[in-house]
Amino acid sequence: EQQLLIEDADSRAESARKNQVMVAHPRQASLPLCSLIVTLYYCCRYHFGEPENTFTSPLAIRSKFKLSDKQYEWTALSSRAKLRQWRGLEQMFTVK
């Protein structure tokens, strides 16, 4: 259900060229029926930094599905590294 909402919103954003990451790195496949980790990867790639109260936020996915720190951090790191986007990753790995 959440994948369908994300797919619909992103299809509209992509058509209107509202998401700069999608403009620079076009989506390769549709999101529905993908695994939870693939969905998280996708959200980290295209929606990293969005507030947790938005349904496309990686933090919302993490919280809703109770993913472990390791699952979240590894997925976020790999998706952001693929884009060479390092902003925000340092604070994620800083000891609290």
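This report concerns the structure included in the present document. One numbering rule holds for all chains: residues counted from 1, following each sequence as written. Side-chain atom pairs in this predicted model are given and counted only at pLDDT of 80 or more, local residue features only at pLDDT of at least 70, and totals for whole chains, interfaces and linings cover all residues. With hydrogens and water excluded, all non-hydrogen atoms of the structure serve as input to the side-chain values.

**A few points about helix H1 (residues 2–15)**
One turn of the α-helix equals 3.6 residues, which is why residues spaced by three or four share an orientation. For H1, built from 14 residues, the straight-helix expectation of 20 Å at 1.5 Å per residue is met to within 8% by its first-to-last C-alpha distance of 20 Å. We call two residues contacting when some pair of their heavy atoms lies within 4.5 Å. Helix numbering and strand numbering both begin at the N terminus, where a helix is a DSSP run of H or I of at least 4 residues and a strand a DSSP run of E of at least 2. Along its buried surface, H1 packs onto helix H2 (20–24), helix H3 (36–47) and helix H4 (58–64). Phi turns positive one or two residues past the end of H1, at Arg17, with a value near 60°. Expected helix span is computed as 1.5 Å times (number of residues minus one).

**Remarks on helix H5 (residues 69–83)**
Here H5 is 15 residues long and its end C-alpha atoms lie 21 Å apart, about the 21 Å a rise of 1.5 Å per residue gives. Once H5 ends, the next one or two residues include Arg84, with phi positive near 60°.

**Section: the side chain of Thr56**
Turning to its location among the elements, Thr56 is positioned in the loop between H3 and H4. Whenever a nitrogen or oxygen atom comes within 3.5 Å of another N or O atom, the pair is scored as a polar contact, on the condition that within protein one atom can donate a hydrogen and the other can accept it, and that pairs from neighbouring residues in sequence are kept only if both atoms are in side chains. At 2.4 Å, the side chain of Thr56 and the side chain of Glu50 are in polar contact. Here Thr56 is in contact with Ile6, Cys43, His47 and Glu50, once residues within four sequence places are set aside.

**Topic: the side chain of Ser79**
Of note, Ser79 is situated in helix H5. Contacts of Ser79, omitting those with residues within four sequence positions, involve Tyr41, Cys44 and Arg45.

**A closer look at the packing of H3 against H5**
Axis geometry follows a simple rule: fit a line to the C-alpha atoms, using only the stretch in contact for helices, then measure angles between N-to-C directions, giving values from 0 to 180 degrees. Between H3 and H5, the least distance of the axes is 8 Å, while the angle of their chain directions is 50°. When the axis of H3 is compared with that of H5, the two are oblique. Where H3 crosses over H5, the handedness of that crossing is right-handed. Note on element contacts: H5 touches H3 through Gln71, Tyr72, Thr75, Ala76, Ser78, Ser79, Arg80, Lys82 and Leu83, opposite Ile37, Leu40, Tyr41, Cys44 and Arg45. Orientation labels follow simple angle bins: below 35 degrees gives roughly parallel, above 145 gives roughly antiparallel, 65 to 115 gives roughly perpendicular, and whatever is left gives oblique. Crossing handedness is defined as follows: a turn of the near helix away from the far one that is anticlockwise and smaller than a right angle gives a left-handed crossing, while the clockwise case is right-handed.

**Quick look at unusual backbone geometry**
Backbone geometry places Arg17, a non-glycine residue, at a positive phi of 60°. Considering the arrangement of structural elements, one finds Arg17 in the loop between H1 and H2. Partly exposed describes any residue whose relative accessible area lies between the buried limit of under 20% and the exposed limit of over 50%, with all areas from a 1.4 Å probe on protein chains only and scaled to the type maximum. The class for Arg17 is exposed, based on a relative accessible area of 55%. With a phi angle near 60°, Arg84 is a residue other than glycine that sits in the positive phi range. Within the element layout of this structure, Arg84 appears in the loop between H5 and helix H6 (89–93).

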